[in-house]
Amino acid sequence: MTDDSTPRHDRIDHHPTPGPLNSLQYWTDAKPVWRVMLNYLFVLVARIAPSLRVRSWALRRIGVTVGTGVSWGLEATPDVFWPELVTVEDHAIIGYDSVILCHEFLQDEYRTGEVVVGERAMIGAKATILPGVRIGAGAQVAANSLVTRDVPAGETVAGVPARPMSESE
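Residues numbered from 1 in each chain as written. Predicted model: local features only at pLDDT ≥ 70, side-chain atom pairs only at ≥ 80, totals over all residues. Heavy atoms only, no water.

Overview of the environment of I129
Tracing the sequence through the fold places I129 in strand β12 (residues 128-129). The exposure class of I129 is buried, given its relative accessible area of 0%. Along the primary structure I129 and Y26 are separated by 103 residues, whereas in three dimensions their C-alpha atoms are 24 Å apart. In this structure I129 touches V99, I100, L101, V115, I123, I135 and V147, once residues within four positions along its chain are discounted. (Helix = DSSP H or I, 4+ residues; strand = E, 2+ residues; numbered from the N terminus. Buried < 20%, exposed > 50% of the residue type's maximum accessible area, 1.4 Å probe, protein only. Contact = heavy atoms within 4.5 Å.)

Concerning the pattern of salt bridges
All chains considered together, the criterion is met by eight salt bridges. Across the pair R8 and E104 runs a salt bridge, and its minimum N-O distance is 3.6 Å. Here the residue R8 occupies a position in the segment before β1 (13-16), and E104 occupies one in strand β8 (residues 103-105), the gap between them amounting to 96 residues. Classification of R8 by relative accessible area gives buried; the value is 8%. The exposure class of E104 is buried, given its relative accessible area of 14%. (Salt bridge = Lys/Arg side-chain N within 4 Å of Asp/Glu carboxyl O.)

Some words on the pairing of strand β9 (residues 109-112)
Burial along β9 is two-sided: E109 and R111 and Y110 and T112, pointing in opposite directions, are all buried. Pairing of β8 with β9, which is carried by three bridges, proceeds in the antiparallel orientation. Directly across from H103, in β9, lies its bridge partner T112. A loop of three residues connects β8 with β9, the two strands running antiparallel in sequence. (Pairing = 2+ DSSP bridges.)

Digging into the sheet that holds strand β7 (residues 99-100)
Taken in spatial order, the four strands make up an open sheet running β4-β7-β12-β15, and their pairing is parallel. A strand with exactly one partner marks an edge of an open sheet, and here the two such strands are β4 (77-78) and β15 (146-147). Two strands pair when backbone bridges link them, and β12 and β15 are joined in this way by two bridges, in the parallel orientation. From the neighbouring strand, I129 faces β15, where its bridge partner is V147.

Describing helix α2 (residues 33-48)
Between its first and last C-alpha, α2 extends 23 Å over 16 residues, near the 22 Å set by a 1.5 Å rise per residue. All of the buried residues in α2 are V36, N39, F42, V43 and A46. Along α2, the residues classed as buried sweep out an arc of 130° about the axis, all on the same side. Set apart from the buried face of α2 by more than 90 degrees, the exposed residues are W34, M37 and L41. (Expected span 1.5 Å × (residues − 1). Arc of directions from axis to C-beta.)

Considering helix α3 (residues 52-61)
Given 3.6 residues to a turn, an α-helix orients residues that are three or four positions apart in the same direction. Inspection of α3 places R55, S56, A58 and L59 among the buried residues, and these make up the whole buried set. Each buried residue of α3 sits inside an arc of 165° when the element is viewed along its axis, so together they form one side. For α3, the side-chain oxygen to backbone nitrogen distance between the N-cap and R53 is 3.2 Å, and the N-cap itself is S51. After α3 finishes, the residue G63 shows a positive phi value of roughly 105°. (Polar contact = N/O pair within 3.5 Å; in protein donor to acceptor, adjacent residues only side chain to side chain.)

So, the sheet that holds strand β2 (residues 65-66)
Spatial strand order, β2-β5-β10-β13: four strands in an open sheet with parallel pairing. In this open sheet, the two edge strands, each paired with only one partner strand, are β2 and β13 (134-135). As paired strands, strand β10 (residues 115-117) and β13 are joined by two bridges and run parallel to one another. Bridge pairing in β13 places V117 opposite I135.

Observations regarding the environment of G69
Secondary-structure assignment places G69 in the loop between β2 and β3 (71-72). Setting aside its immediate chain neighbours within four residues, G69 contacts H91 and A92.

See below:
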């Protein structure tokens, strides 16, 4: 799943800010307002629907790749601007109130990058995954973690920023 030879920042696309203001001021140049509003409505359904089937349906409508048997937790939020850059593979779990970001609005540019959550991976409650990150098959991200780099298959990470946990932890 993960390619350790390519750091996250090398997989991110950089888009320069077109004027003197910060990049968020120009978000409507990056995505049409109607598209972000539509994405938001489907994200809202995915966040609050009691049915996993309805959540997966709503996420697929906006371009999220959702594998078979994915469990999307209540209040979990995919990227609203670029949901098509989110891939959640078969039987993965996305925990309650977690966030998967595929963009970063900065002063002089905005960045976008695909996020892949591997098969049978688990993202804990309130975790945040940054753009360009790949979570390997069977990997686990502890609750409240900030994932700034790839997580190899089968590894468990925790913290801000998330780091591998030792056997004793």
